[in-house]
Amino acid sequence: MSSWIREAHYVEEKFLEQLRALEWDTLVVEDSDNKHRTDKALLNRTSFKEVLLKDKLSSAIKRINGLWLKDEQVKEVIATLENINKTSLFENNLACSELLLENTSVDLNHETGAKSPTVRYIDFENVENNEFLAISQYMVDGAQTIIPDITLFVNGIPLVVVECKAPDITDPVAEGVNQLKRYMNTRGTEQSEGSSKLFNTNAFLVVTSRTQAKSGTISSKLEHFLSWKDPYPKSLENFGSDEQDILVAGMLEPQNLLEIMQDFIIVMGSGRKRVKIVCRYQQYRAVKKTIKRILEAKTLQERNGVIWHTQGSGKSLTMVFLIKHSRHITQMQNYKILFIVDRSDLEEQLEDTAALTGEQVSVAINGNDLKKKLSNDVSDIIMTLMQKFNDDEAFKSLSDKKEIVVLIDEAHRTQYSKLGAALRTALPHAIMIAFTGTPVEKTLDSFGSYIDTYKIREAVDDGATVPIIYEGMTSKDSIDNKSEFDGKFEDLFADLTKEQQEAIKKKYGTKGDILEAPKRIKVIAKDMVRHYVENILPNGYKAQVVSSSRKAALRYNEAIKKALGEYHENMADTNPYKGLVSKLSSAVVISHKHNDNSDEFPKEFSSKIHKDKSVADFKKPLFTTSPYDAKEGDDIYDSLKTSQLAFLVVSDMLLTGFDAPIEQVMYLDKKLTAHNLLQAIARVNRTYEGKTRGLIVDYYGVGAHLKEALAAYEAGDVEDVMRDKSSELSQLELSHRKVMQFFTENEVDEINKNNLEYAVVLLDD
């Protein structure tokens, strides 16, 4: 049975069957009809270049808006959607999406005389008022003719394109995504391909091989196509293990589809770096559960709750989706939304995120300002710092309204004791929804039971985050040259008596002095650079250094720069990365304190301008093409697209709420405990092209503190939060032995250049 027959039989036909069970109409265009371009394949279009089913759209427009629309007006409304022609598919998609969500208008309602009446393409309020049709093998002409496996139409508008692949091919998802990119003409080929016009109105894409099924958008890279693993509000117990069954039930049930399209898709970034993002299943589920709790719970205490979604899983976007969706719930349209954060840098980040709701965000600068903003009846979004809830008279009674939802970000730090009590006194009837990636014991006591949980293990299994590998550089058995690391107090003096340790402290000063010692920092910086160049640089990723203090951060920054220069000098001229290493740089970002000495702590390293530029450069790739793969004469260091800032050195900045997917390794030389440690190490768990692991290299000795930090959680909730490098090496050795045994059984005792090709063929077979 050929691959395409297996694809049709096991995947495509099953997909259509599932859609029919959800009351979709389905239509299969036969291959012979497409081959001969028959009327059955044309489907009432005037040509195969058209993508809209205009007869169905025309009927839907009249049904949804009323019979007052004249035929010429209906044609005008359809033409408005059909004729959008921007400079790129992404721009076309944005314009079409806005039109479908915000509607259009015509000149006059000839029955009532009303001018510029609104005309809707889709009825988001009454799902049954729309027509849902899935067409298999829908042919469209463009630069090339394309025939997607399944195209989903709402009122004749193509909203979802599904690419099916046989379940037994090597990496069906990658092949499916590549095919969709060819259809969209987004592979960057010299010659145009596909028919991008089919995707102008696209909400999201699906790639499925039945056992695997993943969704993304027109801008998603392969690693951003993710599974939908919960069919909420249906129960997962009613489904088998095939991801396709769950995705269809969760994303393509008609009401869910329209909700996702209207409230759970956003555009982030600016200029050419904009991306379109569709929600993940835990975000949709958390929002729906939160709305349900707010509307159905009988008491304020029961309406409050906690959303525990692990670091890197998109908590901030969940907040955005919650606001957007609540605005379309009749009972919640009058609610004010109050964002509360506990750090000014998080306030800035969350303000940018909150703007994705499409609403203006108003920042309260003090108690009186917040009281004023809460006093009106406008259902707006307000943001403030938790620290402003002090014992100031203005905060004792801010508002007694019930129509206030308080969204508390990172609810594990300052939301308890006096500040927490002040918040509840100020807003006694407000609903409190707390978001956290690392709940502590007091979280549930303060904010109520869990609304939804999405834990570390789930995020790693889903591919939403990458696993983290731990490498301890302070343990004696992992230090290659112990004499160079005799300043590492935490471990190297652990066996001495208290009297001996005190004598050392008196001689060398406090532990802080030891951690800030220039000689010690110089030695560790050299080791960091060696480790980075040998293990991280070839893949194009970057490093964050966490130091014990602001003084140590400044010293590390200078030491790393010198170590990079020394490493470059000792590199062989034939090393393809030598030129890149000569360009690598380091930057330090520290907080500002009022009593800073300008010589010891230059203001340039704590200014907002410096921080913003350093972060922006850090997030850029090191090169456009790896030096190993580059051809002679290639310019791989485009100054607009790349930055060779490889090390970002911090002490207390950028350890929470900082999202830089290109960061793969964090070098730790600071005591971090409890949730602060879990927050920090999560900086390396973001997904990025080709990135399969995050790495923590520990020069301080936080391993024991990690065990303490995890002790408060159930074992299954935090399983494998960090894997020790030694266990990974053991697994690698086992895999190596199995491979070599396989070669031996096939009469290949040793791999060399003479039999390498044969060995590869053996593995392929």
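Small disclaimer: the values here were computed from a predicted structure and weren't measured.

Side note on the sheet that holds strand β5 (residues 150-154)
Step number 1: Pairing in this open sheet of seven strands is mixed, and the strands run β1-β4-β5-β6-β7-β8-β9 from one edge to the other. Every interior strand has two partners, whereas the edge strands, β1 (25-28) and β9 (226-227), have only one.
Step number 2: Sheet topology note: the β5/strand β6 (residues 157-164) ladder contains five bridges and is antiparallel. Paired with Ile-150 across the two strands is Val-162, which belongs to β6.
Step number 3: Across the sheet, helix α7 (residues 172-184) is in contact with β6, β7 (204-208) and β8 (213-216); its angle to β7 comes to roughly 140 degrees.

Digging into the packing of helix α9 (residues 254-263) against helix α12 (residues 315-326)
Step number 1: At a minimum axis separation of 9 Å, α9 and α12 run at an interaxial angle of 110 degrees. The angle between α9 and α12 falls in the class roughly perpendicular. Note on element contacts: α12 touches α9 through Phe-321, Lys-324 and His-325, opposite Glu-259, Gln-262 and Asp-263.
Step number 2: Split into classes, the residues belonging to the contact of α9 with α12 amount to one nonpolar, two polar and three charged.

Describing the sheet that holds strand β17 (residues 431-436)
Step number 1: In space, the seven strands of this open sheet follow the order β14-β15-β13-β16-β17-β12-β18, with parallel pairing throughout. Both outer strands of the open sheet, β14 (361-363) and β18 (450-454), are each paired with one neighbouring strand and no more. In this sheet, neighbouring strand axes are inclined to one another by 20 degrees on average, regardless of whether the strands run parallel or antiparallel.
Step number 2: In this sheet, strand β15 (residues 381-385) lies alongside β14 in parallel orientation, the contact comprising three bridges. Directly across from Ser-362, in β15, lies its bridge partner Ile-382.

Describing the pattern of salt bridges
Step number 1: Inspection of the entire model under this criterion finds 31 salt bridges.
Step number 2: With a shortest N-O distance of 2.9 Å, Lys-229 and Asp-462 are connected by a salt bridge. Here Lys-229, found in the loop between β9 and α8 (243-251), pairs with Asp-462, found in helix α17 (residues 456-462); they are 233 residues apart in sequence, far enough to count as distant.
Step number 3: Taking the shortest distance from any N to any O, the salt bridge between Glu-296 and Lys-292 comes out at 3.0 Å. Within this pair, Glu-296 and its partner Lys-292 are both found in helix α10 (residues 281-296), separated by four residues, close to a single helical turn.
Step number 4: A residue is classified by how much of its surface remains accessible, and Glu-296, at 52% relative accessible area, is exposed.
Step number 5: Because the salt bridges share partners, they merge into one network encompassing Asp-230, Arg-285, Lys-289 and Asp-452.

Calculation criteria
- Residues numbered from 1 in each chain as written.
- Predicted model: local features only at pLDDT ≥ 70, side-chain atom pairs only at ≥ 80, totals over all residues.
- Heavy atoms only, no water.
- Pairing = 2+ DSSP bridges.
- Helix = DSSP H or I, 4+ residues; strand = E, 2+ residues; numbered from the N terminus.
- Contact = heavy atoms within 4.5 Å.
- Axes fitted to C-alpha atoms, helices over the stretch in contact; angles between N-to-C directions.
- Parallel < 35°, antiparallel > 145°, perpendicular 65-115°, else oblique.
- Nonpolar A, V, L, I, M, F, W, Y, C, P; charged D, E, K, R; others polar.
- Salt bridge = Lys/Arg side-chain N within 4 Å of Asp/Glu carboxyl O.
- Buried < 20%, exposed > 50% of the residue type's maximum accessible area, 1.4 Å probe, protein only.

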